[in-house]
Amino acid sequence: MPATHKHLLNGPLRPAQIQTQSFRANRPSIAGPDVPEPPYPIPLEGVVQRGFGRGSKDLGCPTANLPDESLPDMVATVEPGVYYGYAQEIHIMHKFSDDFYGYNMRALVLGYIRPELDYTSRVTEALIEDIEIDKKVALASLARPGYKYTLDPFFSNRNQA
């Protein structure tokens, strides 16, 4: 589940790094240690809301946008960027025939893939290529034995906040 956030609760937003060929050429195929280390896992929960509509339409990558109030644990702990983890009942790497706005979603963020980057235009081939690489890195990272969180109690306990 690649995820990004744009608002830091504890300070100003740092400018995104400029996307460069050298950064893209040195991308690892797996991110993070063999098992999640603090601050992970980071639990997120909220009702899926509409975003800007660019993910599916412009980039071919559906996203599940959570309200800002569901993100304080994440934004207080980590920098803006692209992360991986599991989401309950929703996996953004699957194809969906309908939107799932209004549905409650729980997610566990388990690791960091890369910093948020600044691309030269709203939709670029480099951005689309990076999203595809991010998805491959997320799947490879989650395939490791230390990342088996799909049966975590967070997903089965409906009363847990």
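This one's a predicted model, so the numbers in the text were calculated from it and none came from an experiment. Residue positions are given per chain, counting from 1 as you read along its sequence in written order. At least 70 in pLDDT is required for a residue's local features to be given in this predicted model, at least 80 for side-chain atom pairs to be given and counted, and no such filter applies to totals for whole chains, interfaces and linings, which use all residues. Only hydrogens and water are set aside when side-chain values are computed; all heavy atoms of the structure are taken into account.

S.K.: I'd like a description of the overall build of the protein chain, backed by residues and values.
M.R.: When helices and strands are counted, the protein chain shows five helices and five strands. Of the regular secondary structure in the protein chain, the N- to C-terminal order runs β-α-β-α-α-β-β-β-α-α. Accessibility here uses a 1.4 Å probe with only protein chains present; expressed as a share of the type maximum, an area under 20% marks a residue as buried, one over 50% as exposed, and anything in between as partly exposed. By the burial criterion, 40% of the 161 residues in the protein chain qualify as buried. Note on contacts: a residue pair is in contact if any heavy atoms of the two residues lie within 4.5 Å. Counted over contacts in the protein chain with a minimum sequence separation of 6, partners at least 24 positions apart contribute 83%. Reported accessibility uses the Shrake-Rupley method at a 1.4 Å probe radius. Residues are deemed covered only where the shown protein chains occlude them. Summed over all atoms, the accessible surface of the protein chain reaches about 9,500 Å², with 54% contributed by carbon and sulfur. Helix numbering and strand numbering both begin at the N terminus, where a helix is a DSSP run of H or I of at least 4 residues and a strand a DSSP run of E of at least 2.

S.K.: I'd like to hear about the pairing of strand β2 (residues 42–47), residue by residue, with values.
M.R.: Side chains of β2 alternate between two faces, with Ile42, Leu44 and Gly46 buried and Pro43, Glu45 and Val47 left unburied. Across six bridges, the pairing between β2 and strand β4 (residues 104–115) is antiparallel. Of the residues in β4, the one forming a bridge with Leu44 is Ala107. Criterion used throughout: strands pair if DSSP finds at least two bridges between them.

S.K.: Pulling in residues and values, what's your account of the environment of Arg27?
M.R.: One can find Arg27 in the loop between α1 (21–25) and β2. Distance in space between the C-alpha atoms of Arg27 and Arg114 is 8.7 Å, their sequence separation being 87 residues. Leave out the neighbours within four places in its chain, and Arg27 touches Ile113, Arg114, Asp130, Ile133, Asp134 and Val137. A polar side-chain atom of Arg27 sits 3.5 Å from a polar atom in the side chain of Asp130. Polar contact is the term for a pair of N or O atoms within 3.5 Å; when the atoms are in protein, one must be able to donate a hydrogen and the other to accept it, and sequence-neighboring residues count only if both atoms are side-chain atoms. Looking at Arg27, its side chain comes within polar contact range of the side chain of Asp134, at 2.4 Å.

S.K.: Which residues make up the confidence of the model for the protein chain, and what values go with them?
M.R.: The predictor reports its confidence for every residue as pLDDT, a score running from 0 up to 100. Looking at the protein chain, pLDDT values average 78 and 75% of them are 70 or higher. Across residues 1–14 the pLDDT falls below 50, and counting only partners more than four positions away or on other chains, this stretch makes 44 contacts in the model.

S.K.: Which residues make up the packing of aromatic side chains, and what values go with them?
M.R.: Two rings from Phe, Tyr or Trp (for Trp, the six-membered ring) form a pair when their centres sit within 6.5 Å of each other. Planes less than 30 degrees apart are called stacked, planes more than 60 degrees apart edge-to-face, and all others tilted. One pass over the structure, following the stated rule, counts four aromatic pairs. Plain terms: the ring middles of Tyr84 and Tyr147 are 5.8 Å apart, the flat faces sit at 50° to each other, and that makes the pair tilted. Residue Tyr84 is found in strand β3 (residues 81–87), and its partner Tyr147 is found in the loop between α4 (125–142) and α5 (153–156); the two are separated by 63 residues along the sequence. The burial state of Tyr84 is the same as that of Tyr147; both residues are buried.

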